[in-house]
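For reference, the chains in residue letters:
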Amino acid sequence: MITIQNLKKQYKDAVVVDIPTLKIPKAECFGLVGNNGAGKTTLFRIILDLVRATEGQVSLEGEDVSKSEAWKYKVGAYLDEHMLLSYLTADEYFETLRKIYNLSEEDLEQHLSKFEELFNDEIRGKKKYLRDLSKGNTKKVGIAAAMLGNPEVVMLDEPFENLDPSSQVRLKKLIIQEKALSHVTFLISSHDLNHVTDLCDRIVLLEKGKVIKDLVDKGSMVEELNMYFGT
Ligand SMILES: Nc1ncnc2c1ncn2[C@@H]1O[C@H](COP(=O)(O)OP(=O)(O)OP(=O)(O)O)[C@@H](O)[C@H]1O
């Protein structure tokens, strides 16, 4: 369970996140939507302790993420390319993570085999450094890395952005499979209302840092969001 309490982030006079309370239960697929600047990435960054909140706290299984370290072994995340080691090739990067997570070569192969269709022969066995990959292929590496090591929570910021249409469908299939096989809690922010509503059990809509809708009814989710976004 991720618990957010009295959370505020302020830059000078601007309050960009303001969430009195929000609980994300284990194994939920939690979607986060909102217009540009609504505070989605900032909220993810606070959850990952990449940005300190001005007030309040985020805890994972009762541990305040800004005061403890143990939660880091339970969380995998891909927010942007800064999280990668761009001077490595994809194979070198996965091998580095394998050692960090203390996985066997078989474990790594088994994990990466799930991404074979998504990688589409563009990622593994290439001599290209991550910094030279296309935006979509970079994202695929980041997503595969975020899901490595059996994390309990996987956080993905805009996972569908820059992916070609076939890759978007493949990624969606992969996340659905992973949801069915494990009890991973997914936190996914997206501007793609169709994908996020297809995938997620619950969608939270942020506006100027505040939760203005918390949707759990699959039947009316799409309609409510289309009404809000005028789509
Ligand atoms: N370091 C910073 N200094 C000042 N303002 C910041 C900083 N980081 C974020 N902001 C502001 O916080 C607000 C929320 O930004 P954030 O990136 O979280 O929004 P978002 O919902 O992820 O947007 P998008 O959909 O465009 O990615 C924006 O107004 C942004 O300008």
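Our structure is the block above this text.
In what follows, the accompanying structure is described. (Residues numbered from 1 in each chain as written. Predicted model: local features only at pLDDT ≥ 70, side-chain atom pairs only at ≥ 80, totals over all residues. Heavy atoms only, no water.)

### Describing the side chain of Gln-168
Mapped onto the elements of the fold, Gln-168 is located in helix H6 (residues 165-181). In this structure Gln-168 comes out as buried when scored by relative accessible area, which is 17%. Within polar-contact distance, the side chain of Gln-168 engages the side chain of His-195 at 2.7 Å. Look past the residues within four positions of Gln-168 in its chain and what remains in contact with it is Phe-160, Leu-163, Asp-192 and His-195. (Helix = DSSP H or I, 4+ residues; strand = E, 2+ residues; numbered from the N terminus. Buried < 20%, exposed > 50% of the residue type's maximum accessible area, 1.4 Å probe, protein only. Polar contact = N/O pair within 3.5 Å; in protein donor to acceptor, adjacent residues only side chain to side chain. Contact = heavy atoms within 4.5 Å.)

### Some details on the site of the ligand
The environment of the ligand is made up of Tyr-11, Val-16, Asn-35, Asn-36, Gly-37, Ala-38, Gly-39, Lys-40, Thr-41, Thr-42 and His-191. At 2.8 Å from an oxygen atom of the ligand is found a main-chain nitrogen or oxygen belonging to Gly-37. Separating an oxygen atom of the ligand from a side-chain N or O atom of Lys-40 is a distance of 2.7 Å. For the ligand, whose accessible area on its own is 640 Å², the fraction buried by protein is 56%. It is helix H1 (residues 40-47) that contributes the most residues to the shell around the ligand, three residues altogether. Classifying every residue of the shell around the ligand gives three nonpolar, seven polar and one charged. (Near = heavy atom within 4 Å. Areas by Shrake-Rupley, 256 points an atom, 1.4 Å probe, with all protein chains shown as cover. Nonpolar A, V, L, I, M, F, W, Y, C, P; charged D, E, K, R; others polar.)

### Considerations on the packing of helix H2 (residues 90-100) against helix H3 (residues 105-113)
In contact at an axis separation of 10 Å, H2 and H3 are set at 125° when each is read in the N-to-C sense. Viewed along their axes, H2 and H3 adopt a mutual orientation that is oblique. In this structure, H2 crosses over H3, and the sense of that crossing is right-handed. Packed against H2, whose contacting residues are Phe-94, Glu-95 and Arg-98, the element H3 presents Glu-105, Leu-108 and Leu-112 at the interface. Residue classes in the contact of H2 with H3 are distributed as three nonpolar, no polar and three charged. (Axes fitted to C-alpha atoms, helices over the stretch in contact; angles between N-to-C directions. Parallel < 35°, antiparallel > 145°, perpendicular 65-115°, else oblique. Left-handed = near helix turned anticlockwise from the far one by under 90°.)

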